[in-house]
Amino acid sequence: MTVEVSSLKELVEQASGTSGSPDTQEYFVNMGPQHPSTHGVLRLVLKLDGERVLRCIPVLGYIHRSIEKISEHMNYMNCVHLTDRMDYLSSIMNNWAVAKAVEEAAGIEVNDRIRYIRTIFAELERIQSHQLWWGVLGMDLGAFTPFLYGIRDREVLNDVMEETIGARLTMNYVLPGGLMADIHPNFVNRVKEFIKYFRPKLDEYDDLLTNNVIIQERLRNVGVLSAQTAVQYGATGPVLRGSGVAFDLRKDHPYGVYDQVDFEVPVGTVGDSWDRYWVRVEEMRQSLRIVEQLLDNIPPGDFLVKKLNSKIKLPEGRYYSQLETARGILGVFITSDKKDEPYRLHYRSPNFNNLWCLEPMIKGDYIASLIGAMSSLDLVIPDIDR
Amino acid sequence: MDRETLQAAVCQLDSSIRPLEENADRAAVVVEAAALPAILRRLRDEPEFSFAQLLDHVAVDWIDRGQFELVYHLYSFKHKHFLFVSVFVPREDPRVPTVCRLYPVAEWQEREVYDLFGVLYEDHPDLRRLFLEDDWIGFPLRKDYQDDFMLDRPR
Amino acid sequence: MGIVTDKLPGALEKVPGGNVLVTRFDEIINWARANSLWPLTFGTSCCAIEMLMATGGPRHDMARFGAEVARPSPRQADLLILAGTIVKRMAPRLRTLYEQMAEPRYVIATGACTISGGPFIYHSYTTVRGADEIIPVDVYVPGCPPRPEQLFHGLLTLQKMIKEGETIREPGVRRKPVISALPEGVTMEDIQGEMKELLVKENVVDVHQAVDKLKWPSGTNDGS
Amino acid sequence: MNLISTPLLAQADPASAGAAPSMERVPTVSERAAEALQHGIWGAAFYIVIGLVAVLIVVSVLGLVMSYIERKVAGHFQCRLGPMRVGPHGILQSLADGIKLLFKEGIEPGHGDKVIFIGAPIFSITATILLLAIVPVAPGIQVVDMNVGVVYIAAVSGIGVMGILMGGWSSDNKWSLLGAMRAGAQMISYEISLTIAILVVVMFSGTLRVSEIIESQQQGWWIWRGHGVAIVAFCLYLIASTAELNRTPFDLPEGESELTGGYHTEYSGLRFSFFFLAEFANLFVFSALATTFFLGGWLPFHIGDYEGFNRVMDILPPVISPLFWFGIKCTALIFLLMWFRWTFPRLRMDQLMRLEWKVLLPFGFANLILAATVVLTGLYFFPTAT
C-alpha cells in the first residue's frame, strides 16, 4: 500500500477547484499568523462563501520551538523550566506535571505542605488564566473594556504570587521534590484579601459581559460541540465539560489535595460557546472555594523533601503523568533509559487536542462566530506547537 | 479494574496481544501493526473496556533496536482506566495503518508523529507535515537527525 | 551592540548645512514620531502577555506614552514589539510584516528569545537565534519575559533615540541598537563574568543549606 | 378647521415663515456671500474662503480634540489614565499623532486600483465636510442654511459609504473587501432608520430648513414636547447614527478582531488619517444633528409660557448662550456615544441586519404614523404657543 503525502498548497488547489453555484465564488483567506484574534500565531486557512466558513484548515508550526527535542538533551530539573514557556498561562501546573512525573518515577513522596501549596497555587493560577481569557473573549467579541478589567484583576493576583515566587509569568515554582521557595509569610493573608476583593468583581464580570444581551446572542447556539464529537476529537478541560461530560482529573483521578476539598465541577448542557463561557466563569468561583478551604490548613513542614540534584536519574521505563491545567489535561510522557536526561519527553498538550474541535464547531457559520467559538476554546498557541 | 487485571484482560482479547516487557506505570500491551485498528476498535466498542478517548499518541525512536515504538494512550470515561497500546515498527520502513477512522483526533496526532518521526500512516486522509514546512528535509525527532542549523550545547 | 545605561552614546550630530529652521522642523517631526508610537499587535508567545496585554492594562498603562493604539494592520503601525520566539517558519512572515510597515518603523526586541534565541538556542532545529538575523532591531529589552517596566524603559530609550537620531532628510540614519534596562555601572562584561562563574560552580545544591538560604527572614512559615 | 393651526400647514404660508422666529435672523456665511456677490466678486470670494477655511480648521481641530477625548474617556472607563506624557495630561498627544501620520510613508498596494485607492479617503472626508457645512452651531455660525437641509443631510451622508466601499474595493485585500461590503450593507440599511427618525421632527416643525427646525423649538425641545413619539425617534436616531458612524456595537466594517482593520487595512499615513478624521468629525456631526433635531440646537431649555423659568434659562449673554447650550448638549451626546463604544461588544452581521429590518424599521414606520397622528391632532405640548 502506498502512502501519499500531500502539501498545503495541493490541498488548497484541490479544494478551490470545486466551486458552488455559478454566480458566487468561493475563496480562500488566510487568518493569521499575524491576526489580532488568533491569540498568537495560529494560522487558519479559511474557505469562505461570502462570510460563511466552508472549511477551516489550521496550519501550525509558527511557534514550533522543538521543546521536545531540546528536552532530550536536558536533565530533568532543567526540563521543568521549559514547560513554563509552553502554556505560559498555567505555568505552575505545567511545572507540576513534570515534577509529578519525575516524582512518581523516582519514587519520591512529597509531604503534605508541598501538596497543599501546590494545589493552592495551581488554583490561583487557574483563576488568573481564566481572568485573562475572560478579558480576551470580550475583546474578541468587540468589547475592549472587559479586557482591561480582566488584566486589572490579574495584576492584583499577580502581586500576591510574585511576592512568593518572584516572577510574573514564567513562574518555575514547582520542582521535582518540592518547591522553589517557601511561601511568603504574608501569603495567606494576602490571598484572603484577594478573595475578598475578587468575589464582588466576579459579579461585576457578570454585569459587564455575562448578562449582556449581545454577548448572549453572540455565544448562544454558536459553535455547538456535541459530547460525542468532543470525546472523539480529544477535547478535555472546560471544552469537554462545556459539552456536558463531567470529566475532571481533579475529581476523577485526584492528585495534590483535591481529594480533601469540596468543590463542584461545572458542566454545560448544550455544548455551545455559551456553555464553555459559563463553565469557565463558574470554575473561577469553584477555584476560589478550593483556595479558601485550603488556606487555613497549610500544615507545617519543609518545602523540599529530596535533595535537588540536576543529575537525577530515573529507572528505565515509561512514565506518564497528567493533571488538569486551566485548559484541559496536560500529559507528560517520559521514556527513561537510566540516564540523567530523558530518552524521550512528550507533552500531551490540551490545546493541541482542543484545537481540532474548531472545524466541526463552526462549519457553515459566519466568520464572526468563528472568532467567538475560537475564543471560547481558549487556545494558547505556543502550547499547541511546543 | 486495577492495572494488572486490565492488562491481563486486554491480553485475552486476542492472541496477538502481549504485555509490554519494559517497565511502565500503567497497563501496557504490545500489538502487531496490521492488527492495530481491529484491536483498537474492539477496545473502544466492547463495554468491558470502552476506551472512548485517544488521549495521546507518542512515538519513541529506539535507534539501538532499529524500531519505532508508537504508543497509543487510551482512556475510558466509563471505567476510568488508562491503557498504553504499543506498536513496534521497523525504522527502515515505518508503516502503520491509521486509526483516525476510530478516533478522529488521531488524524492530527498521527500527522504530528509523521512530521517529527516520518512514520507513514496507511490510508490516512490527509497526511501532511504539521509543524514544519512542507519542503522540510528529514524528521527532526529521530535520534540520528542531523542539521547544519542545530547547535550542540557546549559542555 | 553598545551598552547604554542612561545616556545614549554620542551627542546629537548637527547636520552640516542644515539651518536653524530646518533643524527645528526636524525636531518637531521627531518629537511627534517619538510620542506617537503605535505598536503592531504582534506577539508570538509568552512575552506577548507581558508586553502587549499587561503593559496595556490599567496597572502599567502604555497609553500614558501614547502607545496604546495597537494597530492590527502593519500599514498603520510604527512600532514592532517582537514578543516571543521567532522560529524558522515565522521568519519570512516576520520579514514580510516588517516590510509592510510604513516608514519610519521601529523595532523593539523583547525577551531573551528574540534577542538571542533564549532557552531554545541549543538542540533546537527551528528557533531563530535572534530576531536581528531577520530584521533590524532598534532596542533590545532583555528578560524572560521582561517586566512591563522594562518595556517602558525600552520604549523611553527608543523615544530618546528617535528624538536624537534619524531626521526627515536622512531617513534610515539611526543610532546603533542598544540594550535597554541595564543598571548604571553594570556592563555586559560583568554579567558575562558572573554567568560564567555560576556555570562553573558545581550543579549540586545541598538541600538543607538551600532551604536555610531561601527561608523568609521573618515569619513562622507555617502559613497561619 | 383646526388643521390650519398645525405647523405643517402653517409653513405652507410663506408669509408666516419669516415671522415665526422670535429672534432676528442672522445671515449664514453663504447668505453673506450671496449678498456680497451683488456688489462684486471679491466680497463673495472673501466669504467663501472664510467658510472653507473655517470648515477645514473645524475638521482638523475636531479630529484632534475628539481623538484625545476618546482616548481619555476610554482610559477612565477602563480604570487607567490615558495619554499623560505629551504635554500636561497628554493634551498634545493627538497633535503628535497628527504630525506623525502626516510624515508617514503612504503605501499603495501593488495590485490595487490606484486611482480609486487614492480617491477613497478623499471621498470619505468630503462627505464629512459637506455635512459639516450644514451644522448650525449658533445663529449665523453655519456655512449653508438651505431650505431643503434635511434632504441634503440624507443625500450627503450617503457619500461617506462610497468612500469606504471604494477603499475596500481598491485595496486588493480580501479582508478590506469584506469590511467594505459589510459597511455598504450596514450603512445603507441604517440610513433608512436615520431618515425616518429625522422625518418625525420634520413633521413636528413643518420645515426642512435646519435653522427653522431649531427655531420651532423655542417653546421646548422636541424630545419632550413630542411626548413619547419624539423619544422613540431619538432612540432610533441614536442607534442608527451609531451604526452610521461604524462605532461599537456596530463596528463591523472595521472589526479589529475579525477583519484586522476592515476597509482601511491597507491604508497608511495621511490617507489613513483622513479616514480617522472623517470618523471623528462624523461623530461630532451626528451628535450636532441630534442636538439640532431633538434637543433644540443652540436654544436654552425652555418650558412653553413659563416666563420666569425661561428668563432664568436665558441668563447667559446672547453671544455666549447659543455656543454654551449647543456645546453642552453636543458634548453630552458625544460622551454617550463613547460610553456605548467602551461598553458593548460587537453584533454579528446577521444580527445587525435583523435588528435593522425586523426591529428598527417597523418601529420607525409605526412611530412615523403615530407622529403624524400627534401632529394632526395637535397633541404635543404647547402646539399653538408660536
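In what follows, the structure referred to is the one given above.
Rules and cut-offs
Residues numbered from 1 in each chain as written. Chains lettered and ligands numbered in written order. Predicted model: local features only at pLDDT ≥ 70, side-chain atom pairs only at ≥ 80, totals over all residues. Heavy atoms only, no water. 1 Å grid on protein atoms, 1.4 Å probe; cavity = no way out; pocket = protein on both sides within 12 Å on 5 of 7 lines; lining within 4 Å. Points joined across faces, edges and corners; volume = space filled by probe spheres on them. Helix = DSSP H or I, 4+ residues; strand = E, 2+ residues; numbered from the N terminus. Nonpolar A, V, L, I, M, F, W, Y, C, P; charged D, E, K, R; others polar. Buried < 20%, exposed > 50% of the residue type's maximum accessible area, 1.4 Å probe, protein only. Pairing = 2+ DSSP bridges. Contact = heavy atoms within 4.5 Å. Buried area = accessible area lost by both parts, 1.4 Å probe. Salt bridge = Lys/Arg side-chain N within 4 Å of Asp/Glu carboxyl O. Axes fitted to C-alpha atoms, helices over the stretch in contact; angles between N-to-C directions. Polar contact = N/O pair within 3.5 Å; in protein donor to acceptor, adjacent residues only side chain to side chain. Phe/Tyr/Trp six-rings, centres within 6.5 Å; stacked < 30°, edge-to-face > 60°. Lys NZ or Arg CZ within 6 Å of the ring centre and 35° of its normal.

Glancing now at the layout of surface pockets. Here the second largest pocket is characterised by a volume of approximately 790 Å³. In terms of lining residues, the second largest pocket is bounded by 28 residues, among which Asn30(A), Gly32(A), Gln100(C), Asn173(D) and Trp175(D) are the most central. Where the lining of the second largest pocket is concerned, the elements lending two or more residues are helix 1 (8–17), strand 1 (27–31) and strand 2 (43–49) of chain A, helix 3 (91–100) of chain C together with helix 8 (174–205) of chain D. No other element matches helix 3 of chain C, which puts four residues into the lining of the second largest pocket. The residue inventory of the lining of the second largest pocket, partitioned by class, reads 11 nonpolar, 10 polar and seven charged.

Residue and element names in this part refer to chain A. Counted residue by residue, strand 1 has four buried out of five residues, so it is predominantly covered. Bridging between strand 1 and strand 2 involves five bridges; their strand directions are antiparallel. Considered in strand 2, the bridge of asparagine 30 is made with valine 45.

Moving on to the interface of chain C and chain D. Across the contact, 32 residues belong to chain C and 31 residues belong to chain D. Roughly 2700 Å² of surface becomes buried between chain C and chain D when both sides are summed, with 59% attributable to carbon and sulfur atoms. At the surface where chain C touches chain D, the tally comes to five salt bridges. The shortest N-O distance in the salt bridge between Lys104(D) and Asp78(C) comes to 2.9 Å.

With respect to the secondary-structure elements, Asn23(B) resides in the loop between strand 1 (18–19) and strand 2 (28–31). Residue classification places Asn23(B) among the partly exposed positions, given a relative accessible area of 38%. In contact with Asn23(B), not counting residues within four places along its chain, are Glu316(A), Gly317(A), Arg318(A) and Tyr319(A).

All right, on to the pairing of strand 3 (residues 52–59) of chain A then. Working note: regular strand, side chains alternate between the two faces of the sheet. All names here are of chain A. Note: strand 2 against strand 3, seven bridges, orientation antiparallel. From the neighbouring strand, arginine 43 faces strand 3, where its bridge partner is valine 59. Hairpin geometry of strand 2 and strand 3 is characterised by an intervening segment of two residues between the two adjacent antiparallel strands and by a positive phi of about 65° at glycine 50.

So, on to the sheet that holds strand 3 of chain A. On the basis of which strands lie adjacent, the open sheet formed by three strands has the order 1-2-3 (chain A) and antiparallel pairing. Strands at the two margins of the open sheet, each flanked by one partner only, are strand 1 and strand 3 of chain A. Strand-to-strand twist in this sheet, taken as the mean axis angle between neighbours without regard to direction, amounts to 25°. Lying over the sheet, helix 15 (residues 367–377) of chain A contacts strand 1, strand 2 and strand 3 of chain A, oriented at roughly 150° with respect to strand 2 of chain A. On top of the sheet, helix 8 of chain D reaches strand 1 and strand 2 of chain A; it is set at about 105° to strand 1 of chain A, its chief contact.

Let's shift gears to the interface of chain B and chain A. Counting residues at the interface gives 56 residues for chain B, matched by 53 residues for chain A. Contact between chain B and chain A buries roughly 4500 Å² in total, counting both sides, with carbon and sulfur atoms accounting for 57%. The three residues of chain B that bury the most area against chain A are Trp108(B), Arg128(B) and Phe131(B), which together make up 14% of that side's buried surface. Between the two partners, chain B and chain A, sit four salt bridges. Here chain B is connected to chain A by 19 residue pairs in polar contact (both at pLDDT 80 or more). Among the elements of the structure, strand 3 (53–62), strand 4 (67–76), strand 5 (81–90), helix 3 (106–117) and strand 7 (120–122) of chain B are those that each provide at least two residues to the side of chain B that touches chain A. The element that contributes the greatest number of residues to the side of chain B that touches chain A is strand 3 of chain B, accounting for nine residues. By residue class, the composition of the side of chain B that touches chain A is 32 nonpolar, five polar and 19 charged.

Pairs can form between side chains of opposite charge once their charged atoms are near each other. Inspection of the entire model under this criterion finds 68 salt bridges over all chains. Note that Arg152(A) and Glu204(A) form a salt bridge whose closest N and O atoms lie 3.3 Å from each other. Here Glu204(A) lies in helix 7 (residues 187–210) and Arg152(A) lies in helix 6 (residues 145–165), a separation of 52 residues in the sequence. Its salt-bridge partner being Glu46(B), residue Arg42(B) comes within 3.0 Å of it at the nearest N-O pair. On the basis of relative accessibility, which here comes to 35%, the residue Arg42(B) falls in the partly exposed class. Members of the salt-bridge network, linked through shared partners, are Glu123(A), Arg126(A), Arg241(A), Asp248(A), Arg250(A), Glu283(A) and Glu324(A).

Another point: the sheet that holds strand 8 (residues 344–348) of chain A. Residue and element names in this part refer to chain A. Strand order in the open sheet formed by three strands is 6-7-8, with antiparallel pairing between adjacent strands. Single-partner strands in this sheet number two, and they are strand 6 (317–324) and strand 8. Neighbour-to-neighbour, the strand axes of the sheet open up by a mean angle of 15°, direction not taken into account. One ladder, built from eight bridges, connects strand 6 with strand 7 (residues 329–336); its direction is antiparallel.

Below, the discussion takes up the packing of aromatic side chains. Residue and element names in this part refer to chain A. Applying the stated criterion across every chain yields a total of 46 aromatic pairs over all chains. Geometrically, the ring pair formed by phenylalanine 121 and tyrosine 173 is tilted, given 4.8 Å between the ring centres and 55° between the ring planes. Here tyrosine 173 lies in the loop between helix 6 and strand 4 (174–175) and phenylalanine 121 lies in helix 5 (residues 112–140), a separation of 52 residues in the sequence. Each member of the pair phenylalanine 121 and tyrosine 173 is classed as buried. Taking NZ or CZ as reference, arginine 280 lies 5.1 Å from the ring centre of tryptophan 133, over its face. Here the guanidinium or amino end of arginine 386 rests over the ring plane of phenylalanine 352, the centre of that ring lying 5.6 Å away.

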